[in-house]
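# Chain and residue survey
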Amino acid sequence: MIETIALLVNAVLQEGTASAPALPPTAGAALAVGLAALGSGYAERGIGAAAVGAIAEDESMFGRGLILTVLPETLVILALVVVFVV
């Protein structure tokens, strides 16, 4: 499995050749943020449904539901920070 990953990395980055990498740095950054947003949205759909159900039963759960719903969005914010740092 590790050998396959190494071959894939070499193919994408085209190490050892004089040509440019197959994936430019800006495209890699965009892919990273896009995948982070996709993962965050996938996590948030289940959390949002559970939070709405909990709030429907007990209105005092609003604060916890809001915090747990916003928590996956920090992943996207951190991905954006990494893009600007790199």
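First things first, this report covers the structure right here in the doc. (Residues numbered from 1 in each chain as written. Predicted model: local features only at pLDDT ≥ 70, side-chain atom pairs only at ≥ 80, totals over all residues. Heavy atoms only, no water.)

### Points about helix α2 (residues 25–57)
Put simply, the rule reads: Under the DSSP-based scheme used, a helix requires at least four consecutive residues in state H or I and a strand at least two consecutive residues in state E, with every element numbered from the N terminus. Take the residue count of a helix, subtract one, and multiply by 1.5 Å to get its expected span. Fitting one axis to the seven residues ending at a residue and another to the seven starting there, the bend at that residue is the angle between the two axes. Contacts: residue pairs with any heavy atoms within 4.5 Å of one another.
End to end, α2 covers 48 Å across 33 residues, agreeing with the expected 48 Å (1.5 Å per residue, within 8%). At E44, α2 shows its maximal bend, which comes to roughly 25 degrees. The secondary structure elements touched by the buried residues of α2 are α3 (62–70) and α4 (73–85).

### Here's the deal with the environment of L78
Convention followed: Type-normalised accessible area, obtained with a 1.4 Å probe on protein chains alone, sets the label of each residue: buried when under 20%, exposed when over 50%, and partly exposed for intermediate values.
Along the chain, L78 turns up in helix α4. On the basis of relative accessible area, L78 is assigned to the exposed category, the value being 55%. For L78 and V33, which are 45 residues apart along the polypeptide, the C-alpha to C-alpha distance reads 9.1 Å.

### Brief notes about a nonpolar patch on the surface
What counts, and what does not: Only residues whose relative accessible area exceeds 30% and that form no salt bridge are eligible for patches; like-charged ones are grouped when within 9 Å, while nonpolar side chains (Val, Leu, Ile, Met, Phe, Trp, Tyr) are grouped when within 5 Å. Note on areas: Shrake-Rupley, 1.4 Å probe, and residue coverage restricted to the protein chains presented here. Each reported salt bridge corresponds to a side-chain nitrogen of Lys or Arg within 4 Å of a carboxyl oxygen of Asp or Glu.
Residues I77, V81, V82, V85 and V86 make up a contiguous nonpolar surface patch of roughly 520 Å² in combined accessible area. By the element assignment, I77 lies in helix α4. Assessed through its relative accessible area of 51%, I77 is described here as exposed.

### What about the side chain of S40?
By the element assignment, S40 lies in helix α2. Using a relative accessible area of 1% as the deciding quantity, one classes S40 as buried. Setting aside residues no more than four positions away along its own chain, S40 makes contact with P72, E73, L75 and V76.

### Remarks on the packing of α2 against α4
Going by this rule: Inter-axis angles, ranging from 0 to 180 degrees, are taken between N-to-C directions of lines fitted to C-alpha atoms, where helices are fitted over the stretch in contact. Roughly parallel means an angle under 35 degrees; roughly antiparallel means over 145; roughly perpendicular covers 65 to 115; every other angle is labelled oblique. Any residue that is not Ala, Val, Leu, Ile, Met, Phe, Trp, Tyr, Cys, Pro, Asp, Glu, Lys or Arg is counted as polar, Gly included; the first ten are nonpolar and the last four charged.
Following both chains from N to C, one finds α2 and α4 inclined at 170 degrees, their axes separated by 8 Å at the closest point. Taken as axis vectors, α2 and α4 run roughly antiparallel relative to one another. Residue-level inspection shows A29, V33, A36, A37, S40 and E44 of α2 in contact with α4, the latter providing E73, L75, V76, A79, L80 and V83. For the contact of α2 with α4, the residue count by class is nine nonpolar, one polar and two charged.

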